[in-house]
Amino acid sequence: MRKTRTTLSDGRALIYYDRVDQDRVDQGGVDQGHGDRDRVDRDHGDQGHGAAGGVPPRDRADPRGLPRVATRSERRHDRLLDEWVVIASHRQGRTHLPPADQCPLCPSAPGRATEIPAPDYQVAVFENRFPALSGADGGRCEVVCFSPDHGASYADLAPAQARTVLAALADRTAELAGLPGVEQVYCFENRGPEIGVTLTHPHGQVYALPVLTPRTRRMLDTVSRHHRSTGRNLFDEVRDEALADGRRVVAAGEHWSAFVPEAARWPYEVHLYPHRRVPDLPALTGPEQAELAALHLDLLGRFDRLFPTPSPYISAWHQAPVRTGRELYALHLELFTTRRAADKLKYPAGTESGMGQFINDIAPEQAAAALREV
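Keep in mind that what you see is a predicted model, and the values were worked out from it rather than measured.

Peer 1: Please explain the overall build of the protein chain as it appears in this structure.
Peer 2: A tally of helices and strands in the protein chain yields six helices and 16 strands. What you see for the protein chain is a C-alpha radius of gyration of 21 Å, in line with the 21 Å of a compact globule of 374 residues. Dimensions of the protein chain, computed from C-alpha atoms along their principal axes, come out at roughly 55 × 50 × 45 Å. Taken across its 374 residues, the protein chain has 52% of its residues classed as buried. Long-range pairs, those at least 24 residues apart, make up 67% of the contacts in the protein chain between residues at least 6 apart in sequence.

What follows is the structure, given as structure tokens:
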């Protein structure tokens, strides 16, 4: 994998990730020549360089002459809940559902410069122009463009392209985890206006967080208590019990299994666990990463076949904190849709938003059966 680092005209980082000839993958996305996982082991700087492996040089400059981004988020502590809230009032003016011919995530074209100066790309990552977290607060927000095709979705990616995305996410996780003040790296994708997306181009985001999220902190507290009292790992137990029961399993492979959690909060919610507990994406081997790419695509396809129109969803990577509990925490993907029927959405309304008490309209066993059938 070739990694090319450059900067946009306002100083924000832009990084291209490209497959090259020596990293060829077969149709199933499996390595054919090098070590355990898709390494991102060449980091080119701003200076121009020759094409490698059939990939053009990524040396096109950003012509927009943008002013330096001046944003500042603020963390405030909710003392009653012992949780942090981020105030990011500068984001009110961020780009909102532009027409396709004004999409800032498409490759640049003559007469139309975008966030990505190149006329084409495989995977591109750049610092968000409207970040929820600012560097002054110890955080960082990045946008990950999965494909140059504006009309595509993650489910449309070829397995090799999905692997390139995963390699980029693993690389961003490793690099951002090394920044001062970062406590957790969170990778995610929102899809569909029903979820609240502001750009329809296929993309995800990576947040380098200066605090542990409430969800992560609570899970870590729970698994730590369980380990102290039983000597066992609760993540492993949850996965193994789902597989032994079988009724909530959606799909399974040699290295990964997907199942609906016993206490699912959302109408259709699937958790994807590796059979070998690892803390984060950089810890995956080549075969684990390859099967993950294929199984993730399979699950997204199932979600899209549930109803006559594609399902809105959130795809959330739960990774171990940077400095705390890494030996107990388990990497896993949480994928869910807010759609409960073809013409109905699940809104987190009175009990969910007001009290944090979820009420699910669909039994997990029923949801798993539906996802298996499609």
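Moving on, there is more to tell.
Peer 1: Would you take a moment to explain a positive patch on the surface for this structure?
Peer 2: A cluster of basic residues, Arg-218, Arg-225, Arg-228 and Arg-265, forms a positive patch at the surface. Residue position: Arg-265 is located in the loop between β11 (256-259) and β12 (268-274).

Peer 1: I tried to follow unusual backbone geometry on my own but got confused; where do I start?
Peer 2: Across residues other than glycine, the phi torsion is negative in most instances, and most of the peptide bonds are trans. With phi around 55°, Asp-82 is a residue other than glycine that occupies positive phi space. By the secondary structure assignment, Asp-82 is in the loop between β4 (74-78) and β5 (83-87). Located in the positive-phi region is Leu-97, a residue other than glycine, with phi close to 45°. The exposure class assigned to Leu-97 is partly exposed, which follows from its relative accessible area of 39%.

Peer 1: I'm lost on the packing of aromatic side chains in this one. Help?
Peer 2: Two aromatic rings are characterised by how far apart their centres lie and by the angle between their planes. Per the counting criterion, the structure on display carries eight aromatic pairs. Seen in terms of ring centroids, Trp-266 and Phe-358 are 5.3 Å apart; in terms of plane orientation they differ by 70°. Their pairing is edge-to-face. One end of the pair, Trp-266, is in the loop between β11 and β12; the other, Phe-358, is in the loop between α5 (350-355) and α6 (364-373), and 92 residues separate them in sequence. An aromatic cluster is defined as three or more aromatic residues linked by ring pairs; in this entry it consists of Tyr-186, Phe-188 and Tyr-207. The ring of Tyr-16 carries the charged tip of Arg-58 above its face, separated from the ring centre by 5.4 Å. Here the basic side chain of Arg-75 rests over the ring of Trp-84, its NZ or CZ set 5.2 Å away from the ring centre.

Peer 1: Explanation requested: the side chain of Thr-337 in the structure shown.
Peer 2: Inspection of the secondary structure puts Thr-337 in strand β14 (residues 332-337). On the basis of relative accessible area, Thr-337 is assigned to the buried category, the value being 0%. A distance of 2.5 Å separates the side chain of Thr-337 from the backbone oxygen of Pro-312, its partner in a polar contact. Setting aside anything within four residues of it in sequence, one finds Thr-337 in contact with Trp-266, Pro-267, Tyr-268, Phe-303, Ser-311, Pro-312 and Tyr-313.

Peer 1: Would you mind going over the packing of helix α1 (residues 159-177) against helix α4 (residues 286-305) with me for this structure?
Peer 2: When two helices pack together, their arrangement is captured by the angle between the axes and the distance separating the axes. With their axes 9 Å apart at the nearest point, α1 and α4 run at an angle of 115° to one another. Regarding α1 and α4, the two cross each other, and that crossing is right-handed. On α4, the residues that touch Pro-159, Ala-162, Arg-163, Leu-166 and Ala-167 of α1 are Gly-286, Gln-289, Ala-290, Leu-292, Ala-293 and Leu-297. Among the residues making up the contact of α1 with α4, the classes are represented as eight nonpolar, two polar and one charged.

Peer 1: When you look at the state of the cysteines in this model, what are you seeing that I'm missing?
Peer 2: Disulfides are covalent bonds that connect the sulfur atoms of two cysteines. Counted according to the given criterion, the structure contains zero disulfides. Sulfur of Cys-145: no disulfide; nearest cysteine sulfur belongs to Cys-103 and is 7.8 Å away. Using a relative accessible area of 0% as the deciding quantity, one classes Cys-145 as buried. Distance from the sulfur of Cys-187, which forms no disulfide, to the nearest cysteine sulfur (Cys-141) is 12 Å.

Definitions and limits used
Residues numbered from 1 in each chain as written. Predicted model: local features only at pLDDT ≥ 70, side-chain atom pairs only at ≥ 80, totals over all residues. Heavy atoms only, no water. Helix = DSSP H or I, 4+ residues; strand = E, 2+ residues; numbered from the N terminus. Rg over C-alpha atoms; globule rule 2.2 N^0.38 Å. Buried < 20%, exposed > 50% of the residue type's maximum accessible area, 1.4 Å probe, protein only. Contact = heavy atoms within 4.5 Å. Patch = residues over 30% accessible without salt bridge, like charges linked within 9 Å, V, L, I, M, F, W, Y side chains within 5 Å. Areas by Shrake-Rupley, 256 points an atom, 1.4 Å probe, with all protein chains shown as cover. Salt bridge = Lys/Arg side-chain N within 4 Å of Asp/Glu carboxyl O. Lys, Arg positive; Asp, Glu negative; His and termini not counted. Charge placed at Lys NZ, Arg CZ, Asp CG, Glu CD. Phe/Tyr/Trp six-rings, centres within 6.5 Å; stacked < 30°, edge-to-face > 60°. Lys NZ or Arg CZ within 6 Å of the ring centre and 35° of its normal. Polar contact = N/O pair within 3.5 Å; in protein donor to acceptor, adjacent residues only side chain to side chain. Axes fitted to C-alpha atoms, helices over the stretch in contact; angles between N-to-C directions. Left-handed = near helix turned anticlockwise from the far one by under 90°. Nonpolar A, V, L, I, M, F, W, Y, C, P; charged D, E, K, R; others polar. Disulfide = S-S within 2.5 Å.

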